[in-house]
Amino acid sequence: MKTLTLATKENGGTWFGVVIGNQDKLLASSFSKSRQNLVRHLRAGALGNSVHEVTGESNDALNEMIDLYEGRRTTNKVRLGWEGVSEFEKSVCQVMKEIPKGRVTSYRLIAKRISSGPRAVGTGVARNPWPLFIPCHRVVPASMEIGNYSIGGAPSDYGCEVKRDLLEREGVSIEGDKITSKALWVPTGA
């Protein structure tokens, strides 16, 4: 059983949290309006490993997550701990990592790229253990609507607002509740 550290930090009314494992690898990250919900969600995702310490002390992953949320440049030095991620989820995450800032892609296009179905890809996107580090907010329905977004483990209206804000901060053009077609990125091989 691994010993994990869960660190949280508040920034601008939003709580950010990371779970750090052995060799300082990031095992999970999330954010929420509620610290209590955030900690509960991250503890549940610890997969039977005991969280040794809950701290408010900043670390590189936590600071980089806040920078990503705010749209600032990052060092991109955070190492992800892929051990608890299935091969399918890993393939979905690898495609999401390729989505350029300021662009979006669809569940259908990711599915075509990895030879899967859009619903399965939707599940893989929802299970992304590293929101912001792996930009799942850049995946939208084929209709180009903004779509849903989970915050602290649960979809909500607030999540949709956050997704819209993240996309707009990155320069994605949105008209009404739809993303313009010029923002669509098609993965190679899709």
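Residues numbered from 1 in each chain as written. Predicted model: local features only at pLDDT ≥ 70, side-chain atom pairs only at ≥ 80, totals over all residues. Heavy atoms only, no water.

Caption draft 1: Just the overall build of the chain, in detail. Helices and strands together make up the secondary structure of the chain, namely six helices and 10 strands. Against the globule reference of 16 Å for 190 residues, the chain gives a C-alpha radius of gyration of 16 Å, in line with a compact fold. Projecting the C-alpha coordinates of the chain onto the three principal axes gives extents of approximately 45 × 35 × 30 Å. For the chain, with 190 residues in total, the buried portion stands at 44%. Distance between charge centres in the chain, computed from 26 positive and 20 negative side chains, equals 5 Å. (Helix = DSSP H or I, 4+ residues; strand = E, 2+ residues; numbered from the N terminus. Rg over C-alpha atoms; globule rule 2.2 N^0.38 Å. Buried < 20%, exposed > 50% of the residue type's maximum accessible area, 1.4 Å probe, protein only. Lys, Arg positive; Asp, Glu negative; His and termini not counted. Charge placed at Lys NZ, Arg CZ, Asp CG, Glu CD.)

Caption draft 2: Local environment of helix α2 (residues 60-70). Three or more residues of α2 are buried, namely Ala61, Leu62, Glu64, Met65, Ile66 and Tyr69. In this structure, the buried side of α2 is in contact with β1 (3-11), β2 (14-20), β3 (26-32) and α6 (157-169). Gly71 occupies a position one or two residues after α2 and carries a positive phi of about 80°. (Contact = heavy atoms within 4.5 Å.)

Caption draft 3: Quick peek at unusual backbone geometry. Phi at Asn76 takes a positive value of approximately 55°, unusual for a residue other than glycine. The topology assignment puts Asn76 in the loop between α2 and α3 (87-98). On the basis of relative accessibility, which here comes to 63%, the residue Asn76 falls in the exposed class.

Caption draft 4: Up close: the state of the cysteines. The final tally for this structure, using the stated rule, is zero disulfides. Free of any disulfide, Cys160 has its nearest neighbouring cysteine sulfur in Cys136, separated by 13 Å. (Disulfide = S-S within 2.5 Å.)

Caption draft 5: Representation of the pattern of salt bridges. Using the criterion set out here, one finds eight salt bridges in the structure. One salt bridge connects Glu83 with Lys25, and the closest N-O pair in it is separated by 3.4 Å. One end of the pair, Glu83, is in the loop between α2 and α3; the other, Lys25, is in the loop between β2 and β3, with 58 residues separating them in the sequence. Ionic pairing is found between Glu98 and Arg113, a salt bridge with its closest N-O pair at 3.0 Å. In this pair, Glu98 is assigned in helix α3 and Arg113 in helix α4 (residues 107-114), connecting sequence segments 15 residues apart. Within this structure, Arg164, Glu168 and Asp177 form a network of salt bridges that share partners. (Salt bridge = Lys/Arg side-chain N within 4 Å of Asp/Glu carboxyl O.)

Caption draft 6: Representation of the environment of Ala120 in the model. With respect to the helices and strands, the residue Ala120 is situated in helix α5 (residues 118-126). Along the chain, Ala120 and Arg79 lie 41 residues apart, while their C-alpha atoms are 26 Å from each other.

Caption draft 7: Summary view of helix α1 (residues 35-44). Those residues of α1 that fall on the buried side of the exposure criterion are Leu38, Val39 and Leu42. The arc that holds every buried residue of α1, seen down its axis, measures 95°, which confines them to one face. Across α1 from its buried face, at more than 90 degrees, point the exposed residues Gln36 and Ala44. Elements that come into contact with the buried residues of α1 comprise β1, β2 and β3. The backbone nitrogen of Gln36 has a side-chain oxygen 3.4 Å away, supplied by the residue at the start of α1, namely Ser34. (Arc of directions from axis to C-beta. Polar contact = N/O pair within 3.5 Å; in protein donor to acceptor, adjacent residues only side chain to side chain.)

Caption draft 8: Quick peek at the side chain of Ser29. Mapped onto the elements of the fold, Ser29 is located in strand β3. Its relative accessible area of 3% is what places Ser29 among the buried residues. At 3.4 Å, the side chain of Ser29 forms a polar contact with the backbone oxygen of Pro131.

By themselves, these figures tell us nothing about what the structure is for.
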